[in-house]
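Structure assessment
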Amino acid sequence: MPEYKALLYTLENDVAWITLNRPEQRNAVNADLRDELVAVFTDARTNPSVRALVLTGSGKGFCTGADLSGRGAGPGGSSPSSPGAGRELMKSSSQRLMRAVWDLEKPVVAAVNGVAAGLGSHLAFASDFVIAAAEARFIEIFVRRGIAVDAAGAFLLPRLIGLQKAKELVFFGDDLSADEAHRVGLVTRVVPADQLIATARQWAERLAAGPTFAIGLSKRLLNRSLESSFETALEEEALAQMLVTQSEDTREGMQAFMERRPPQFKGR
């Protein structure tokens, strides 16, 4: 297993635990953390030992977004030399990370233990489930910095909570409590802080015990349905069923049903 500078990584019961580990910067994402997150999510795509993932933060915060202490993302913290260079830089940084999370066809649970702002909040929202400690807060912080919404927010927010509510969050940049985030549909469940990790573990291990291939295909179908026509969605469902019925887990699921016993999925 590689050594990481900016995150902690463990594998327990087929669940990859990824902990953002820059507590002194409230887990703001710098180049090291971004690249390491991309690496672990990329590895999870083909690693049969990983059947579910939990993403959380060390210390008192989840992630306060991109680390702006360098005032730019060019070499040595310099600003991009042109709008075109800036666009390519964005594609190679936050966009690359968000793609790695969104496109992973394995379930991801975000365990939000504190403030999640900007890129940090979008890392949570791109996950499949968001479990938040009661003290957690979510902030669409971009407008406070005088910049446009970034890190896939324009894609994620309208789909999760509707266009008008998304505009309210983005334009005003107000703090959103965990309870309010749950009420509007950004958070799956709110729990006391001392129950956060145990709840995330319970959810992730339950997901890891499921049919990995079927869950992955279902995730793909649900994500793509946001842009698909009805007919395209039906065609992709039919293709997914053709693929999944060839898996060992499907045969086990059907056999267990006939034998009236719980299935024992192996992720194949």
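Not measured: the values here are computed from a predicted model. (Residues numbered from 1 in each chain as written. Predicted model: local features only at pLDDT ≥ 70, side-chain atom pairs only at ≥ 80, totals over all residues. Heavy atoms only, no water.)

1. Remarks on the side chain of N27
Stated formally: The secondary structure listing takes helices from DSSP runs of H or I that are at least 4 residues long and strands from runs of E that are at least 2 residues long, numbered from the N terminus. Definition of a polar contact: a pair of N or O atoms within 3.5 Å, with one able to donate and the other able to accept a hydrogen when the atoms are protein atoms, and with sequence-neighbouring residues admitted only if both atoms are side-chain atoms. Whether two residues touch is decided by their heavy atoms; if any such pair falls within 4.5 Å, the residues are in contact.
Structurally, N27 can be placed in the loop between β2 (15-20) and α1 (31-46). Reaching out from N27, the side chain makes a polar contact with the backbone oxygen of G61 at a distance of 2.8 Å. Beyond its immediate chain neighbours, meaning those up to four positions away, N27 contacts L20, N21, R22, L33, G57, S58, G61, F62, C63 and T64.

2. Thoughts on the sheet that holds strand β4 (residues 108-112)
Heads up, the condition is: Should DSSP find at least two bridges between two strands, the strands are taken to pair. Think of each axis as a best-fit line through the C-alpha atoms, taken over the contacting stretch in the case of a helix, with angles from 0 to 180 degrees between the N-to-C directions.
Ordered by their spatial adjacency, six strands build an open sheet running β1-β2-β3-β4-β6-β9, and the pairing between neighbours is mixed. The strands lining the two open edges of the sheet, one partner per strand, are β1 (7-12) and β9 (189-191). Pairwise comparison of adjacent strand axes, ignoring direction, gives a mean angle of 20° for this sheet. By the bridge criterion, three bridges tie strand β6 (residues 129-133) to β9 in an arrangement that is parallel. Within the sheet, the bridge partner assigned to A133 lies in β9 and is V191. Those strands touched by helix α8 (residues 196-208) are β1, β2, β3 (52-57), β4, β6 and β9, and its axis lies near 165° from that of β6.

3. Brief notes about the sheet that holds strand β8 (residues 175-177)
Spatial strand order, β5-β7-β8: three strands in an open sheet with mixed pairing. Every interior strand has two partners, whereas the edge strands, β5 (115-117) and β8, have only one. Within this sheet the neighbouring strands show an average axis-to-axis angle of 25°, counted without direction. Both strand β7 (residues 137-139) and β8 contribute to a ladder of three bridges, which runs antiparallel.

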